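Working through the structure, step by step
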Amino acid sequence: MKRFWILSMIVLFPVTFVFAQQNSGLAEEFTKLEDYLRNPKLTEEQKKKNFEANMVSSVRSTLSKRLVNPKKELKDLKFQDLQTERPEGTNTFFVKYKNYYFQYQFPVDPETYVTSPSEEIVLEKPEGLDLGSNAHKEEKKN
């Protein structure tokens, strides 16, 4: 049995070596393409466009589930209508649009990739609610 194993290794090794040499160019190209796709080199303008498109798309998607007539109410939605904030070092974003507040968690950086949030929370602020520093304190009873 050992002889068979040794003989097969002697015969197959050169074939495997030649096969690997012939395809090393393709394997190298594959690796370079994979690296390029996983780590895109984007300009600041491309990052800005990706971010704006992802935020508008996310808000539009979230509100289209809540609004009675989303096409009419969201047709003029632009990035300039949104306020956004990102805690440093995270893919979590807080967004405000009119009286809606959103928290989005993205699986990847929305500046680099076209993506949708993996988690979303939406809150609607009631008319007249003051969110100032004293807004949620209990009134003292006499």
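Located above this text is the structure these notes cover.
Presented here is an overview of the structure given in this document. A quick note: this is a predicted structure, and the numbers were derived from the prediction, not measured.

1. Considering the environment of V95
Structurally, V95 is set in strand β2 (residues 92-97). Relative accessible area serves as the criterion here: at 2%, V95 is assigned to the buried category. Separated by 10 residues in the primary sequence, V95 and E85 place their C-alpha atoms 6.5 Å from one another. In this structure, V95 is in contact with M55, V59, L82, Q83, T84, Y100, Y101, F102 and Y104, ignoring residues within four places of it in sequence.

2. A short note on the side chain of N50
Within the secondary structure layout, N50 lies in helix α2 (residues 44-64). Here N50 is in contact with L42, P110, E111, T112, Y113 and V114, once residues within four sequence places are set aside.

3. Looking at the pattern of salt bridges
By the definition in use, this model includes five salt bridges. Residue K48 is joined to E52 by a salt bridge in which the shortest nitrogen-to-oxygen separation is 4.0 Å. With K48 and E52 both in helix α2 and four residues apart, this pair spans about one turn of that helix. Residue class for E52 comes out partly exposed when judged on its relative accessible area of 21%. In this structure, E120 and K65 form a salt bridge, with 3.3 Å as the shortest nitrogen-oxygen distance. Taken together, the residues E120 in strand β4 (residues 119-124) and K65 in the loop between α2 and α3 (70-74) connect sequence positions 55 residues apart.

4. Some words on a nonpolar patch on the surface
On the surface, a cluster of nonpolar side chains totalling about 340 Å² of accessible area is made up of L33, Y36 and L37. Turning to its location among the elements, L37 is positioned in helix α1 (residues 2-38). Its relative accessible area of 54% is what places L37 among the exposed residues.

5. Here we look at the pairing of strand β3 (residues 100-105)
The side-chain alternation of β3 yields one buried face, formed by Y100, F102 and Y104, and one unburied face, formed by Y101, Q103 and Q105. The pairing of β2 with β3 spans six bridges and is antiparallel. Pairing of F94 across the sheet is with Q103, part of β3. The hairpin turn running from β2 into β3, its antiparallel successor, is two residues long, and K98 in that turn takes a positive phi close to 55 degrees. Looking at chain direction, β3 and β4 are connected through six bridges and run antiparallel. By the bridge assignment for β4, Y101 is matched with L123.

What counts and how
- Starting afresh in each chain, residues are numbered from 1 along the sequence in its written order.
- Given that this is a predicted model, residues contribute local features only at a pLDDT of at least 70 and side-chain atom pairs are listed and counted only at 80 or more, while totals for whole chains, interfaces and linings are drawn from all residues.
- The basis for every side-chain value is the complete set of heavy atoms in the structure, and neither hydrogens nor water enter the calculation.
- Secondary structure elements follow DSSP: runs of H or I of four or more residues count as helices, runs of E of two or more count as strands, with numbering from the N terminus.
- Only protein chains enter the calculation, and the probe is 1.4 Å; a residue is then buried if its accessible area is under 20% of its type maximum, exposed if over 50%, and partly exposed in between.
- Contact criterion: two residues are considered in contact whenever any of their non-hydrogen atoms come within 4.5 Å of each other.
- Any carboxyl oxygen of Asp or Glu that lies within 4 Å of a side-chain nitrogen of Lys or Arg is treated as forming a salt bridge with it.
- A residue counts toward a patch only above 30% relative accessible area and without a salt bridge, and it is joined to like-charged neighbours within 9 Å or, for Val, Leu, Ile, Met, Phe, Trp and Tyr, to nonpolar neighbours within 5 Å.
- Using the Shrake-Rupley algorithm and a 1.4 Å probe, accessible areas are obtained, with residue cover drawn only from the displayed protein chains.
- At least two bridges found by DSSP between two strands is the condition for calling them paired.

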